[in-house]
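Residues per chain, in single letters:
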Amino acid sequence: MRKFLQDKVIVVTGASSGIGEAMAREYAKMGAKVVMAARREEELRRIATEIEQAGGKVAYVVCDVTREEECRHLVDVAVDRFGRIDIMICNAGLSMRALFDDCDLKVLHRLMDVNFWGTVNCTKYALPHLQKSRGSLVGISSVAGLHGLPGRTGYSASKYAMTGFLDTIRVENLKRGVHVMTACPGFTATNVRLSALTADGTQQGETPRDEGKMMMPKEVAHIVARGLKRRKRLCLMEWEGRATHFLKKLFPGLVDKLFY
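To keep things clear, this report deals only with the structure shown in the data block. (Residues numbered from 1 in each chain as written. Predicted model: local features only at pLDDT ≥ 70, side-chain atom pairs only at ≥ 80, totals over all residues. Heavy atoms only, no water.)

1. Structural notes on the packing of helix α4 (residues 68–82) against helix α5 (residues 105–133)
Here comes step 1: Packing of α4 against α5 brings their axes to within 8 Å, and their N-to-C directions diverge by 30°. If you check the angle between α4 and α5, you find them roughly parallel. In this structure, the crossing between α4 and α5 has a hand that is right-handed. Residues Glu68, Cys71, Arg72, Leu74, Val75 and Val79 of α4 touch α5, and the partners they reach there are Asn121, Cys122, Tyr125, Ala126 and His129.
Here comes step 2: Looking at the contact of α4 with α5, its residues break down into 7 nonpolar, 2 polar and 2 charged. (Axes fitted to C-alpha atoms, helices over the stretch in contact; angles between N-to-C directions. Helix = DSSP H or I, 4+ residues; strand = E, 2+ residues; numbered from the N terminus. Parallel < 35°, antiparallel > 145°, perpendicular 65-115°, else oblique. Left-handed = near helix turned anticlockwise from the far one by under 90°. Contact = heavy atoms within 4.5 Å. Nonpolar A, V, L, I, M, F, W, Y, C, P; charged D, E, K, R; others polar.)

This is how it looks when you write it as C-alpha cells:
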C-alpha cells in the first residue's frame, strides 16, 4: 500500500477528527501528500504539526463544505501547494437521531447541506484535476446509504443522494479514466455520533452504543486505501453492510423488518 500511495496528492474533508483524521495520518505515513479540510482550525493545525513532526507532507485549509467558495479555495490550495490532485475524499458528514414524525425540517436541510451538497461542492472543483490525473473520487457513505434506517431519515436521504450523484459522475467520466468509489463503513467509533442532531437540531452528545464493538477509524482508513488501489466501485466494510446489500435484492421486506 505504501508503494501505491507514495507521492499521491490526497484531499480529505472532515479531517479534524474520526475517519478523516485517521485517513490523513495513515496516508501521510505511507508517503502521500495530504491536504486536510475541516472547520476547526485549531484541530487541523495540531494534526498537521504532528504529521509534519513524523516526517509527513501535509497542508490544511479551514473549509465549511456547505460553502461553495470555500470548496473552490480548498482545491486551489491543494493544487498550488502540491501541483495536482490524485484523490478527493469527501468525508465530511453529519448524522441525526430522531423519528421523522418529531423532526424539525431544518434538521433534514442541514443533513443535505453537509452530506450531499458538501460532496457536490468539492467534486465540482476537484473533478477537472482528477480528470487530468485519471485519479479517484471517494464518497464516505454508510449502511444508511444502502437502506433506510429508522431515526435517520435525513442521514439516509443524504447518503442515497450522494450515491446517486457519484454513480452519475462515474458514468459521465467513463472514458476519462476517473475512478469513483462509494465507501460504506459500519458503525464507527467517531465523534460523528456525538454530534448527531436530535429532533430540534441540537447535538445528541452521547450514544448508547458499545464502542468496543465498533470499527475503528484507522481500520476504515486502511480498507478505503485497499479499495482505492483496486479501483472498486462500492466498498463495503463489514458483514452488516454486505448482508444488507445482498438481502435487499432478494428479500426487501425481510430487510425492512430487521432494520425496524
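2. Description of the pattern of salt bridges
Here comes step 1: Under the definition given, this model contains 11 salt bridges.
Here comes step 2: Across the pair Arg25 and Glu21 runs a salt bridge, and its minimum N-O distance is 2.9 Å. Of the two residues, Arg25 and Glu21 both sit in helix α2 (residues 18–29), 4 residues apart, roughly one turn of that helix.
Here comes step 3: The exposure class of Arg25 is partly exposed, given its relative accessible area of 24%.
Here comes step 4: Each of Glu21, Arg25, Glu43, Arg46 and Glu50 takes part in a single network of salt bridges with overlapping partners. (Salt bridge = Lys/Arg side-chain N within 4 Å of Asp/Glu carboxyl O. Buried < 20%, exposed > 50% of the residue type's maximum accessible area, 1.4 Å probe, protein only.)

3. Side note on the sheet that holds strand β7 (residues 234–236)
Here comes step 1: Read from one edge of the open sheet, 7 strands run β3-β2-β1-β4-β5-β6-β7, paired in parallel fashion. Only two strands of the sheet have a single partner each, and these edge strands are β3 (57–62) and β7. The sheet shows a mean angle of 15° between the axes of neighbouring strands, taken without regard to direction.
Here comes step 2: Relative to strand β2 (residues 33–38), strand β1 (residues 9–13) is paired through 5 bridges, and the arrangement is parallel. (Pairing = 2+ DSSP bridges.)

4. So, the side chain of His179
Here comes step 1: With respect to the helices and strands, His179 occurs in strand β6 (residues 179–184).
Here comes step 2: Those residues in contact with His179, other than ones at most four positions away along the chain, are Gly135, Ser136, Leu137, Gly227, Leu228, Arg231 and Lys232.

5. A short note on a positive patch on the surface
Here comes step 1: Taken together, Lys3, Arg226, Lys229, Arg230, Lys232 and Arg242 make up a surface patch of like positive charges.
Here comes step 2: Considering each element in turn, the positive patch owes the most residues, 3 residues, to helix α7 (residues 217–230).
Here comes step 3: Within the fold, Arg242 resides in helix α8 (residues 239–250). (Patch = residues over 30% accessible without salt bridge, like charges linked within 9 Å, V, L, I, M, F, W, Y side chains within 5 Å. Areas by Shrake-Rupley, 256 points an atom, 1.4 Å probe, with all protein chains shown as cover. Lys, Arg positive; Asp, Glu negative; His and termini not counted. Charge placed at Lys NZ, Arg CZ, Asp CG, Glu CD.)

6. Topic: the pairing of β2
Here comes step 1: Most of β2 is tucked away: 6 of the 6 residues are buried.
Here comes step 2: Burial of β2 is two-sided: the residues Lys33, Val35 and Ala37 facing one way and the residues Val34, Met36 and Ala38 facing the other way are all buried.
Here comes step 3: In this view, the connection linking β1 to its parallel neighbour β2 by way of α2 has right-handed handedness.
Here comes step 4: Across 6 bridges, the pairing between β2 and β3 is parallel. Note that in β3 the partner of Met36 across the bridge is Tyr60.
Here comes step 5: For the crossover from β2 across helix α3 (residues 41–53) to β3, the handedness is right-handed. (Right-handed = clockwise from strand over helix to strand, strands pointing away.)

7. Quick look at the packing of aromatic side chains
Here comes step 1: Inspection of the entire model under this criterion finds 2 aromatic pairs.
Here comes step 2: Aromatic pair Phe116 and Trp117: ring centres 5.1 Å apart, planes at 65°, arrangement edge-to-face.
Here comes step 3: Each ring, one from Phe116 and one from Phe165, has its centre 6.2 Å from the other, and the planes form 85°; the classification is edge-to-face. Note that Phe116 is positioned in helix α5 and Phe165 in helix α6 (residues 153–172), a separation of 49 residues in sequence. Each member of the pair Phe116 and Phe165 is classed as buried. (Phe/Tyr/Trp six-rings, centres within 6.5 Å; stacked < 30°, edge-to-face > 60°.)

8. A closer look at empty space enclosed by the protein
Here comes step 1: For the structure shown, the criterion picks out 1 cavity of 30 Å³ or more.
Here comes step 2: What lines the largest cavity is Thr13, Val65, Cys90, Asn91, Ala92, Val114, Gly118, Thr119 and Cys122.
Here comes step 3: With 4 residues, α5 is the largest single contributor of residues to the lining of the largest cavity.
Here comes step 4: Partitioned by chemical class, the residues of the lining of the largest cavity number 5 nonpolar, 4 polar and no charged. (1 Å grid on protein atoms, 1.4 Å probe; cavity = no way out; pocket = protein on both sides within 12 Å on 5 of 7 lines; lining within 4 Å. Points joined across faces, edges and corners; volume = space filled by probe spheres on them.)

9. Some thoughts on the pairing of strand β4 (residues 87–90)
Here comes step 1: Alternating positions in β4 separate into two faces, Ile87 and Ile89 on one and Met88 and Cys90 on the other, with burial throughout.
Here comes step 2: Note: β4 against strand β5 (residues 136–140), 4 bridges, orientation parallel. Within β5, the residue paired with Ile87 across the bridge is Ser136.
Here comes step 3: Where the polypeptide runs from β4 across α5 and back to β5, its parallel neighbour, the crossover connection is right-handed.

Any functional reading would require information that these geometric values do not contain.
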